[in-house]
Amino acid sequence: MQASDRFNINSQLEHLQAKYVGTGHADLNRFEWAVNIQRDSYASYVGHYPILAYFAIAENESIGRERYNFMQKMLLPCGLPPEREDD
Amino acid sequence: MYLYSLTLQKATGIVCAINGNFSGGKSQEIVVARGKILDLLRPDDSGKIQTVLSVEIFGAVRSLAQFRLTGAQKDYIVVGSDSGRIVILEFNKEKNVFDKIHQETFGKSGCRRIVPGQYLAIDPKGRAVMIGACEKQKLVYVLNRDTAARLTISSPLEAHKSHTITYSICGVDCGFDNPIFAAIELDYSEADQDSTGQAASEAQKHLTFYELDLGLNHVSRKWSEAVDNGANMLVTVPGGGDGPSGVLVCAENFVIYKNQGHPDVRAVIPRRADLPAERGVLIVSAATHKQKSMFFFLLQTEYGDIFKATLEHDGEHVQELRIKYFDTIPVTSSMCVLKSGFLFAASEFGNHALYQFQAIGEEADVEASSATLMETEEGFQPVFFQPRSLKNLVRIDQVESLMPIMDMKVENLFEEETPQIFTLCGRGPRSSLRILRPGLAISEMAVSQLPGVPSAVWTVKKNLIDEFDAYIVVSFANATLVLSIGETVEEVSDSGFLDTTPSLAVSLIGDDSLMQVHPSGIRHIREDGRINEWRTPGKRTIVKVGSNRLQVVIALSGGELIYFEVDMTGQLMEVEKHEMSGDVACLDIAPVPEGRQRSRFLAVGSYDNTIRILSLDPDDCMQILSVQSVSAAPESLLFLEVQASIGGEDGADHPASLFLNAGLSNGVLFRTVVDMVTGQLSDSRSRFLGLKAPKLFSIVIRGRRAMLCLSSRPWLGYIHQGHFLLTPLSYEALEYAASFSSDQCAEGVVAVAGDALRVFTIERLGETFNETAIPLRYTPRKFVFHKKKSLIIIESDQGAFTAEEREAGKKEFFEAAGMGENGNNNGEQMENGGDDEDKNDPLSDEQYGYPKAESDKWVSCIRVLDPKTSNTTCLLELQDNEAAYSVCTVNFREKEYGTLLAVGTAKGLQFWPRRSLASGFIHIYRFVDDGRALELLHKTQVEGVPLALCQFQGRLLAGIGPVLRLYDLGKKRLLRKCENKLFPNTIVSVQTYRDRIYVGDIQESFHYCKYRRDENQLYVFADDSVPRWVTAAHHIDFDTMAGADKFGNVYFVRLPQDVSDEIEEDPTGGKIKWEQGKLNGAPNKVEEIVQFHVGDVVTCLQKASLIPGGGDSVIYGTVMGSLGALLPFTSRDDVDFFSHLEMHLRQEYPPLCGRDHMAYRSAYFPVKDVIDGDLCEQFPTLPMDMQRKIADELDRTPAEILKKLEEVRNKII
């Protein structure tokens, strides 16, 4: 790799993608995008205690259970990924 | 429109709590995070929780941890917040503030997925801290101290792992070996790629140990092993000689002991016998208790049951893990075991509590153990138990919490001087209606009748050094009664006081003699019983007296002042006379300053509406130093020193200023600063207190002088955390008062009113509201008033059994346990609506929660409540999984029934896996029995959940899912008249004004609609361009709506004036444009005029005034149990002043936990036209030089700024 490669747009983007989870790219598909959004949302719910409490009231569960549920949903937030076309 | 935002009641819910010795020394303290507030609490000697310090940090606290450097005496606080920074705080006992020791930035601000702040873990030896995010990032900071023994923090060491979700982290106690942190992690990278689902089903949580190599300054993954997939929490197990080290992994249904190179020791968590089989048991909070010889863990499940976990170990080898049922208390977010034998339980919802340990669960009880764990084909066999009453804990204090406020209305239902705030609070069996009144709560100690109507009361000590008062002296129209304070309070006649005359003043004079001033003279009673009488010259009488311990001034009729001093021998000597121009209305002398012979100032109020300050110095005795004219004749005067700035436990390290307070005959309290040297008066402020002229009395609160003002209601002026607060007391009008101190009651007040003598104490200083709670049965949803007389409350709960089923279940249990009688009692209690709060009830739902049912079961009731007697006059339980969601009163055009009640319900509602319901209904009830009871008229089936109901032009408007429909009353059911199905999602609020309808959509903000009667059509003419998840809505004026969204923002939208005019003038009312339809939206857009991030989910909004004759402000209530107000500014000058003050404070005094104030208030949308009063009110807590600097930039003095802040607060409450 040449020194100049480090500064071209692609490698900068790759750097960003590696550093910040969820940074998109041109070939991002609908599923990947949705998964990111969902994970971000769940992380936000878990981080904001009042929102967690709000959900807990709606579902009549304890706040601790609600937090656990959201964290569990981070695994497959949008169900199974679609089959890859190129495979 | 510019608004001033002020929190009236700080959040009462608790996010997390930690305990330790933060001030050093022995006292056990608790630091709690209440969302955006950090509090330091301390249980006092009597076991009451006192708030020592409360700081608004303008950020969301997500985690807290405490640590102590080896050998240190004091704990530090680490805060994980949304600021993208780690902050270490130290409690400064002298100044009573949190000092920020370190603040290290590591990421972006906000609650993000990969920015740490969610989790904190501490090395038990205080050598390192780990801060983690939900995903990927974990940072380790090394803590150390420099040569000057100051805490140092290293640069961060990364322990990141991509595509990995973190569930919990904790420190591992490994003595003084390299620090180790444990984390529950899950790698999702393969599951995201594999479309067959194989990888996802094989995804396994791992317990990973991260080792911080202190020598290499490097963090490495040391060990990783698969762990139960239900794992959610880690608890540190003591090690390094105190225990086996390692961690407890709390998972759904299990607790597992794990350590590197140690086989798993697994025990099952006992289950409640009545728990449905599909439900798991999850540990939600944990606390560790560690003594020299033993340690144990308290683990609480999501149902509130606490288990004691103990480890049988032999050195580093753990043989057995036992989980024994301990007690059941309401579900907590955090528990703290204090070394002093207390358990602080920070409840998730409802009141927090302090418990004392009676035992530590040594007795036999239901127990699960790793040794007896049975594995069968269906998995591990659980152990069952029944919750029982408290055995190991006893509750000694409660801290009120409003969390969550579900609905709120401000109304003067009781026709008092100020309106009351009615809030629906709590959840499930712990829910309540709380009636809040601005003012301090008092607790009445004694009330006794007196033989006549007293005019005044005093208390006196016999000697200056006495701790307690010796006598209560009560004056009547023609007599004086002396009561001696001892074990009991009884009348005495040997006190030396003259009892055949009324008294004007009674006090301790000199070191040990008593003085009684009566109209015809002064009686001086020496300690040895000698009595000296000074008689007034001629036929003149004494009318007013002012005195302190060494000085006495009397005013004779006609206006002559005579000044006495106590000389070295304890004699009262006449010093000076002075003739005033007219009769004296009132007098006061400031107390003798410490180390001085006399106080320098005498204040004299005259009927010519003036107050004069006279000198008492021997050099210029009785010279007039200054004159102040006031709006009405002063009736009462009081000097009070105010140290209005933070510092020390509750006072100041700044010079105090002396205030002269005057109660004027027009009901105004007038306060002005007296220059300590010249006696000049300046910087006056006045406040209307009530319809009677305030009488001012000096009393003692928390060891300091405070002022009691008795007008048509009593007020207390006192210093709390650096602020001077003037707050009403929730008590009846009093005539005369004095401070009272005895063995039983250290800081009380004795007062007279009517013919009764009352002794009371003032509680919970610093609170804005005092509350009356009325318990409810289920989670309250909404309520309405009926005829300003009764409240109709709808309550509903998911996943609970109906009252009959619960009763049957309990009976069964009690019969099995042979406690039939108690069971019957309980049944009766159920029938009158669960109103009785019987603490000894063996299975009170309030303590244990309702038994869980399947999630598709609902219980609900409609309650008619008389708030005056707090009796439920009618309670209708809905049957068949029907739950009520909306309520309104409606007057249909046919006047046959008068006012009717409409209730929107849903049957069999389910949120999961997909939102579904059997059907919705709108019930119509008729009021019978003078509005005390309800009778069902009919029930109309609808296709969705009617979440919003509103009366409109003699008909009923209902928002049913995405449909807005107009109903008329029929004989058998409601009749559809008109509908609009074009709303985007679900209608959650409907409000009307004239012919406009304001509809709030759950996801798409407000829609402004019109109804055309001639064409019978509902159409939307304007909507919002911003997607807002509306949680609360309130109609402000014809064009304006106030709303709140799920993310904690409050906003106002307004239809532009020209658009509004156009629509009103257009004969079609803008309908043509609507019919053309553009991009599915409405033709006009409303404009956002106000936007503010509260930082807490706002659930209710109302426009109201909390003070008599005050302007309206918007009052809101939040999930975390806080109340706030948004007050519109009336002048441009004020806007300028406060926005500049806010700007300077932002610059000079950034928030404690590192979040930028402006960024916080603009977290989702840029803040618009709202000034943050909570920030402005931090001004007095600033160091004096900074206060001066900011004041200079604003061209004012610090005192003027304080006055401004006080003024604007007084406009709200």
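Residues numbered from 1 in each chain as written. Chains lettered and ligands numbered in written order. Predicted model: local features only at pLDDT ≥ 70, side-chain atom pairs only at ≥ 80, totals over all residues. Heavy atoms only, no water.

Focus on the overall build of chain A
1) Next: Within chain A, the secondary structure is distributed over four helices and zero strands.
2) Next: In sequence order, the secondary structure elements of chain A are arranged as α-α-α-α.
3) Next: Residues classed as buried in chain A amount to 38% of the 87 residues present.
4) Next: The long-range share in chain A, meaning contacts at least 24 apart out of those at least 6 apart in sequence, stands at 45%.
5) Next: Total accessible area on chain A stands at roughly 5100 Å², and carbon and sulfur atoms take up 51% of it. (Helix = DSSP H or I, 4+ residues; strand = E, 2+ residues; numbered from the N terminus. Buried < 20%, exposed > 50% of the residue type's maximum accessible area, 1.4 Å probe, protein only. Contact = heavy atoms within 4.5 Å. Areas by Shrake-Rupley, 256 points an atom, 1.4 Å probe, with all protein chains shown as cover.)

Section: the overall build of chain B
1) Next: Secondary structure assignment for chain B yields twelve helices and 92 strands.
2) Next: For 1213 residues, the compact-globule estimate of 2.2 N^0.38 gives 33 Å, and the C-alpha radius of gyration of chain B, at 34 Å, lies within 12% of that figure.
3) Next: When the backbone C-alpha atoms are referred to their principal axes, chain B occupies close to 110 × 85 × 70 Å.
4) Next: In chain B, which comprises 1213 residues, the share counted as buried stands at 60%.
5) Next: In chain B, once contacts between residues fewer than 6 apart in sequence are set aside, the share between residues at least 24 apart is 55%.
6) Next: Surface summary for chain B: the accessible area is close to 46000 Å², and the carbon and sulfur share equals 47%.
7) Next: Between the centroid of the 126 positive side chains of chain B and the centroid of its 165 negative side chains there is a distance of 4 Å. (Rg over C-alpha atoms; globule rule 2.2 N^0.38 Å. Lys, Arg positive; Asp, Glu negative; His and termini not counted. Charge placed at Lys NZ, Arg CZ, Asp CG, Glu CD.)

Description of the nonpolar core
A general tendency of soluble globular proteins is for nonpolar side chains to be buried together.
1) Next: Counting 100 residues, the largest nonpolar core has Leu38, Leu64, Phe98 and Leu207 of chain B as the members making the most contacts within it.
2) Next: Among the nonpolar cores identified, the runner-up in size contains 48 residues, and Leu450, Val474, Leu757 and Phe760 of chain B belong to it. (Core = buried A, V, L, I, M, F, W, Y, C linked by side-chain atoms within 4.5 Å.)

Let's talk about the pattern of salt bridges
1) Next: Tallied over the entire structure, the rule returns 81 salt bridges over all chains.
2) Next: Among the ionic pairs, arginine 127 of chain B bridges to aspartate 123 of chain B, the shortest N-O distance being 2.9 Å.
3) Next: Where lysine 789 of chain B meets aspartate 930 of chain B, a salt bridge forms, and the shortest distance between an N and an O atom there is 3.6 Å. Here the residue lysine 789 of chain B occupies a position in the loop between strand E68 (780-786) and strand E69 (790-798), and aspartate 930 of chain B occupies one in the loop between strand E74 (919-928) and strand E75 (933-942), the gap between them amounting to 141 residues.
4) Next: On the basis of relative accessible area, aspartate 930 of chain B is assigned to the exposed category, the value being 51%.
5) Next: One salt-bridge network, held together by shared partners, links Glu61 and Arg65 of chain A together with Glu252, Arg279 and Glu302 of chain B. (Salt bridge = Lys/Arg side-chain N within 4 Å of Asp/Glu carboxyl O.)

A closer look at the packing of helix H8 (residues 1132-1148) of chain B against helix H11 (residues 1184-1193) of chain B
Residue and element names in this part refer to chain B.
1) Next: Viewed as axis vectors pointing N to C, H8 and H11 meet at an angle of 140°, and their least axial separation amounts to 10 Å. One finds that H8 runs oblique with respect to H11. By crossing handedness, the relation of H8 to H11 is classed as right-handed. Contacts from Leu1141, His1144, Leu1145 and Glu1148 in H8 reach Met1186, Lys1189, Ile1190 and Glu1193 in H11.
2) Next: Residue classes in the contact of H8 with H11 are distributed as four nonpolar, one polar and three charged. (Axes fitted to C-alpha atoms, helices over the stretch in contact; angles between N-to-C directions. Parallel < 35°, antiparallel > 145°, perpendicular 65-115°, else oblique. Left-handed = near helix turned anticlockwise from the far one by under 90°. Nonpolar A, V, L, I, M, F, W, Y, C, P; charged D, E, K, R; others polar.)

So, empty space enclosed by the protein
Residue and element names in this part refer to chain B.
1) Next: Under the counting rule described, the total for this entry stands at three cavities of 30 Å³ or more.
2) Next: Considered as a void within the structure, the largest cavity measures approximately 420 Å³ in volume.
3) Next: For the largest cavity, the lining is made up of 29 residues, of which Val331, Arg427, Pro429, Gly849 and Tyr850 are closest to its centre.
4) Next: The leading source of residues in the lining of the largest cavity is helix H5 (residues 845-848), at three residues. (1 Å grid on protein atoms, 1.4 Å probe; cavity = no way out; pocket = protein on both sides within 12 Å on 5 of 7 lines; lining within 4 Å. Points joined across faces, edges and corners; volume = space filled by probe spheres on them.)

Considerations on the interface of chain B and chain A
1) Next: Taken together, the contacts link 63 residues of chain B with 43 residues of chain A.
2) Next: Carbon and sulfur atoms supply 59% of the area buried between chain B and chain A, which totals about 4300 Å² over both sides.
3) Next: Sorting the residues of chain B by area buried against chain A places Arg113, Ser195 and Arg427 of chain B first, and these three jointly supply 15% of that buried surface.
4) Next: Taken together, chain B and chain A are joined by five salt bridges.
5) Next: Measuring nitrogen to oxygen at the nearest pair gives 2.7 Å for the salt bridge that ties glutamate 61 of chain A to arginine 279 of chain B.
6) Next: Viewed at the interface, chain A and chain B are joined by 20 residue pairs in polar contact (both at pLDDT 80 or more).
7) Next: Within the residue set of the side of chain B that touches chain A, elements represented by two or more residues are strand E15 (164-172), helix H1 (189-193), strand E19 (231-236) and E69 of chain B. (Buried area = accessible area lost by both parts, 1.4 Å probe. Polar contact = N/O pair within 3.5 Å; in protein donor to acceptor, adjacent residues only side chain to side chain.)

Here we look at the side chain of histidine 786 of chain B
Residue and element names in this part refer to chain B.
1) Next: Examined against the element boundaries, histidine 786 turns out to sit in strand E68.
2) Next: A relative accessible area of 3% means that histidine 786 is categorised as buried.
3) Next: For histidine 786, the contacting residues outside a window of four places in its chain are Ile792, Thr899, Phe927 and Gly931.

Section: a negative patch on the surface
Residue and element names in this part refer to chain B.
1) Next: Judged by side-chain charge, Asp1058, Asp1061, Glu1065 and Glu1087 come together as a negatively charged surface patch.
2) Next: By residue number, the principal contributor to the negative patch is helix H6 (residues 1057-1065), which donates three residues.
3) Next: Its place among the elements puts glutamate 1065 in helix H6. (Patch = residues over 30% accessible without salt bridge, like charges linked within 9 Å, V, L, I, M, F, W, Y side chains within 5 Å.)

Focus on the packing of aromatic side chains
1) Next: For the coordinates displayed, the defined rule picks out 35 aromatic pairs over all chains.
2) Next: The structure contains a cluster of three or more aromatic residues connected by ring pairs, namely Tyr42, Tyr45, Phe55 and Phe70 of chain A.
3) Next: Directly above the ring of tryptophan 1029 of chain B sits lysine 1046 of chain B, whose terminal nitrogen or CZ lies 4.4 Å from the centroid.
4) Next: Sitting over the face of the ring of phenylalanine 1137 of chain B, lysine 1204 of chain B holds its NZ or CZ atom 5.5 Å from the ring centroid. (Phe/Tyr/Trp six-rings, centres within 6.5 Å; stacked < 30°, edge-to-face > 60°. Lys NZ or Arg CZ within 6 Å of the ring centre and 35° of its normal.)

So, the sheet that holds strand E60 (residues 695-701) of chain B
Residues and elements named next belong to chain B.
1) Next: The antiparallel open sheet is built from four strands, whose spatial order is E60-E61-E62-E63. At either end of the open sheet lies a strand with only one pairing partner, and these are E60 and strand E63 (723-728). Strand after strand, the sheet turns through a mean of 25° between neighbouring axes, direction not considered.
2) Next: Here seven bridges tie E60 to strand E61 (residues 704-710), and the two strands are oriented antiparallel to one another. In the strand pairing of E61, isoleucine 701 is matched with arginine 704. (Pairing = 2+ DSSP bridges.)

A few points about helix H2 (residues 30-47) of chain A
1) Next: With 18 residues, H2 of chain A extends 26 Å from end C-alpha to end C-alpha; this agrees with the ideal 26 Å at 1.5 Å per step.
2) Next: Residues Phe31, Val35, Asn36, Arg39, Tyr42, Ala43, Ser44, Tyr45, Val46 and Gly47 of chain A constitute the buried set of H2 of chain A.
3) Next: Along its buried surface, H2 of chain A packs onto helix H3 (49-59) and helix H4 (63-73) of chain A together with strand E6 (61-67) and H1 of chain B.
4) Next: In this structure asparagine 29 of chain A caps H2 of chain A, since a side-chain oxygen of it lies 3.1 Å from the backbone nitrogen of phenylalanine 31 of chain A. (Expected span 1.5 Å × (residues − 1).)

Comments concerning the pairing of strand E25 (residues 295-301) of chain B
All names here are of chain B.
1) Next: Among the seven residues that make up E25, seven are buried, leaving the element largely enclosed by the rest of the structure.
2) Next: Burial along E25 is two-sided: the residues Phe295, Phe297, Leu299 and Thr301 and Phe296, Leu298 and Gln300 are all buried.
3) Next: Where strand E24 (residues 283-290) lies against E25, seven bridges are found, and the strand directions are antiparallel. Its bridge partner being in E25, histidine 289 is matched across the sheet by phenylalanine 296.
4) Next: Here E24 folds back onto E25, and the loop between the two strands holds four residues.

Here's the deal with a positive patch on the surface
1) Next: Residues Arg893, Lys895, Lys977 and Arg1013 of chain B make up a contiguous surface patch of positive charge.
2) Next: Tracing the chain through its elements places lysine 977 of chain B in strand E79 (residues 974-980).

Considering the confidence of the model for chain B
All names here are of chain B.
1) Next: Mean pLDDT over chain B works out to 90, with 96% of the residues at or above the 70 mark.
2) Next: Per-residue pLDDT stays below 50 along residues 645-653; that stretch engages in 39 contacts with residues further than four places along the chain or on separate chains.
3) Next: Every residue in residues 819-840 is under pLDDT 50, and counting partners more than four places away or in other chains gives 28 contacts.
4) Next: Reported for the predicted complex are a pTM of 0.91 and an ipTM of 0.93. (pLDDT = per-residue confidence, 0-100.)

Details of the sheet that holds strand E81 (residues 996-1001) of chain B
Residue and element names in this part refer to chain B.
1) Next: Overall, mixed pairing links the five strands, which are arranged E80-E81-E82-E83-E87 in an open sheet. The open sheet has two edge strands with one neighbour each: strand E80 (987-993) and strand E87 (1084-1085).
2) Next: With six bridges connecting them, E81 and strand E82 (residues 1005-1012) associate as antiparallel partners. Residue pairing for E82: isoleucine 997 is matched across the bridge by cysteine 1009.

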